[in-house]
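Chains, contacts and geometry: an overview
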Amino acid sequence: MVGFWRTPRPRGTAPRVEPTGTVADDLERELRPAQARVTRALGAGIVALFWNGISWAILVSCYRDREWAGVAFLGLFALIGLVLLAAAVHQGLALANPRVSLRVRPGRLKRGATHRLTWHTEGAVHRLRRLRITLEGREAATYRRGTSTTTDRVTFACVELAELTALLELRQGETVFALPAFAVPGFQAANNRIEWVLRVQGEVPFWPDVDDEFGVEISGVDEEASPAERPAPPPEDMTRSADGALALRTEQGQVAFRPGATIIGAAGWSLPTPPRSAEVRLFWYTSGKGTRDVTVVASVPFAQPTSQEVQPFTLTLPTAPWSTDGRLVSVSWALELVVQPGERSVRRELVVSPDGRIVALPEPVPEPTGHASGCRKFLRSLAASSRKHGAGPASELPWSRKAALASAALPGNHEPWECRRDARTTGP
Amino acid sequence: MNPGSAGGTPAPQVHEKPTGLGGCPARENPFRAERVEALRFRLGERGWAELIARLEALSGRGAIVGPRGSGKTTLWLELAARLRGAGREVKLLWADGSERLSRERLGLWLEAARGTRATLFVDGADRLGLGQWWRLRLATRRAGGLVTTQHRVGRRATLYRCATEAALFRELVAELLAPTGNVAWLPSAELDRVFGSCGGDIRRALRVLYDR
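This structure is a prediction, so every number in the text was calculated from the model and none was measured.

**Focus: the packing of aromatic side chains**
Residue and element names in this part refer to chain A. Going through the model one piece at a time under the given rule, you end up with 12 aromatic pairs over all chains. Seen in terms of ring centroids, tryptophan 51 and phenylalanine 77 are 5.9 Å apart; in terms of plane orientation they differ by 25°. Their pairing is stacked. With tryptophan 51 in helix α2 (residues 37–64) and phenylalanine 77 in helix α3 (residues 68–94), this pair connects stretches of sequence that are 26 residues apart. Its relative accessible area of 30% is what places tryptophan 51 among the partly exposed residues. Using a relative accessible area of 29% as the deciding quantity, one classes phenylalanine 77 as partly exposed. Their ring planes at 70° and their centres at 6.3 Å tell us that phenylalanine 156 and phenylalanine 182 sit as a pair that is edge-to-face. Separated by 26 residues along the polypeptide, phenylalanine 156 in strand β6 (residues 148–164) and phenylalanine 182 in the loop between β7 (172–178) and β8 (187–188) bring together distant segments of the chain. In this structure, phenylalanine 156 and phenylalanine 182 share a single accessibility class: buried. Each residue in the set Trp51, Phe73 and Phe77 is aromatic and connected to the rest through ring pairs, giving one cluster. Over the face of the ring belonging to tyrosine 63 we find arginine 66, whose NZ or CZ atom lies 5.8 Å from the ring centre.

As structure tokens, this is what we get:
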């Protein structure tokens, strides 16, 4: 099978997660939001200005010329422009929100370790009603075919680290946490990625909520698994091509490796004529909903290959990514011997993880809602304000307060953050 | 819940959807991208012979036309592979999902294609602006041919018009499910409903099935 090498090699990058912020020292990292609020507000403002400028200018011109068909048509664009303007205003208002900075120690998260998260809020902290900090794991897969590009995203983990309401705690505090067992290092390739973020969501009554994300890295270096956890090597310590001309083996038939481990093996071939080239490649690739990414991390070319030969090789694995099974993205590792001409090859699949097993990610969770719609949020804020100030019987309230209470009583009007708390109580 | 002060160590709440509610690992999903992309265009040997003959009759210049998800790129790729297999030189330019082909990228490609006798394949030609299109035509007027994919008729004579139907969708799904041994995973009526809800876009319909 030469499938990987017949398809165009995509523009895959080395696996990495975007680190944000500065590294104060090797043990602690200060995090900054992945996307600055100013950037969001500016972007929304420019789009709204551009859209409204053009659509309203043409609309007014049509109106003056009494071209009613044009007015009707452009009216739709003008309405969209108003929505964009509202969004830009929303983003602009969010600039005045309190700013939360995070520090995490150690700076690179690690399974089996205890981490300390410290937060500090600047600005009008008193306007915050509640602050919630979660660690979220996400898969993203982009499918590119022809002129079509679609990206799907799922959140497979939502770890609540803190939920705060007291003013002192909102201003600053710290907590300790450990990573879940399925936490794998993130990676980013051209079409697929797994990433981890610390998400800060703050409820601000009668104002856009705080919703900032901070990218974090999970280290691929892990505690050594106990020997009992490692699966037994397969019965065949050698993999042969279909015609038997090519063979690939690893020391003691090992196919499960820890991140960062060294792979020792041998590649052999028996051909009628000397190949033009022969090379062993170590690579990882993705499978799933997104277009496949293939990234070669190391290769060993064999100089002046003869027609029949057995050559040893040594390759070192990086610490990430790990062999993973997600809903949208799976990551696999393999060794491949490729000879030219003809792109003849033989591949030996590997598993790279701390315990020698593919790490299975949990089923995706519904996207946690960070923002209620503007109207519902406003009504909910009114209702909460009424309860706080000891509102009288509903009949004594002005119409707006009655409406707020009625709305708050409707089913489905739950708290804005729904990190699937009910999943624990409802169960399968 | 109030962990705020230093030393407070409440156990983090990990919220996971309970297992057993469906879904399989991405690598085992029969509708994963690499399997979908490996689907062959249904044309038959006679159909291929006729298509190539028509391309010759159009002096090697024509457009594969069809709505989204109707197999234009699949046919485009297979036609290029067949011509290459027959010994003809072929050069491909992918639209690659971008809204507009960048001027730089188009320029590089045209420079490489200039003066060649190869048959040139351009995916997503209707994404080219008018100026870019005329640059392309000018640069490739001496090429061995120019085959494009487009959503609508125009710019080039129609070489082949792609269309989808529910029966084709069911056939493709059966092919994808064959290795699982569970070809009857969804009843035909449900497959037809999925196909209809996607407006005949087979690519989108297969992605819907992926999530199932």
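**Focus: unusual backbone geometry**
Most peptide bonds take the trans configuration, and most residues that are not glycine carry a negative phi. Residues and elements named next belong to chain A. The peptide bond linking arginine 105 to proline 106 adopts the cis configuration, its omega dihedral lying at -5°. As for its position among the elements, proline 106 is in the loop between β3 (99–105) and β4 (114–122). The peptide bond linking alanine 320 to proline 321 adopts the cis configuration, its omega dihedral lying at 0°. Mapped onto the fold, proline 321 is located in the loop between β17 (308–316) and β18 (324–325). Positive phi is not limited to glycine here, since glutamine 304 has a value of about 45°. If you trace the backbone, glutamine 304 turns up in the loop between β16 (294–302) and β17. Look at glutamine 304 and you get exposed, because its relative accessible area is 74%.

**Overview of the nonpolar core**
Counting residues in hydrophobic clusters, the biggest one holds 90 residues, and the most contacted among them are Leu102, Leu135, Trp196, Phe313 and Leu337 of chain A together with Phe169 and Leu206 of chain B. The element best represented in this core is β6 of chain A, accounting for seven residues. Formed by 16 residues, the second largest nonpolar core is a distinct cluster that contains Leu51, Leu55, Leu159 and Cys162 of chain B.

**A look at the sheet that holds strand β11 (residues 238–240) of chain A**
Residues and elements named next belong to chain A. Across the sheet, four strands lie side by side as β11-β12-β14-β17; this open sheet has antiparallel pairing. This sheet does not close on itself; its edge strands, each paired only once, are β11 and β17. The sheet shows a mean angle of 20° between the axes of neighbouring strands, direction not considered. The sheet contact formed by strand β14 (residues 262–270) and β17 spans nine bridges and is antiparallel.

**So, the pattern of salt bridges**
Enumeration over the complete set of coordinates arrives at 36 salt bridges over all chains. Put simply, arginine 27 of chain B and aspartate 325 of chain A hold a salt bridge, and the shortest N to O gap is 2.5 Å. With one member in each of two chains, arginine 27 of chain B in the loop between β1 (13–15) and α1 (33–37) and aspartate 325 of chain A in strand β18 form a pair that bridges those chains. Each member of the pair, arginine 27 of chain B as well as aspartate 325 of chain A, is classed as buried.

Rules of the game
Residues numbered from 1 in each chain as written. Chains lettered and ligands numbered in written order. Predicted model: local features only at pLDDT ≥ 70, side-chain atom pairs only at ≥ 80, totals over all residues. Heavy atoms only, no water. Phe/Tyr/Trp six-rings, centres within 6.5 Å; stacked < 30°, edge-to-face > 60°. Helix = DSSP H or I, 4+ residues; strand = E, 2+ residues; numbered from the N terminus. Buried < 20%, exposed > 50% of the residue type's maximum accessible area, 1.4 Å probe, protein only. Lys NZ or Arg CZ within 6 Å of the ring centre and 35° of its normal. Core = buried A, V, L, I, M, F, W, Y, C linked by side-chain atoms within 4.5 Å. Pairing = 2+ DSSP bridges. Axes fitted to C-alpha atoms, helices over the stretch in contact; angles between N-to-C directions. Salt bridge = Lys/Arg side-chain N within 4 Å of Asp/Glu carboxyl O.

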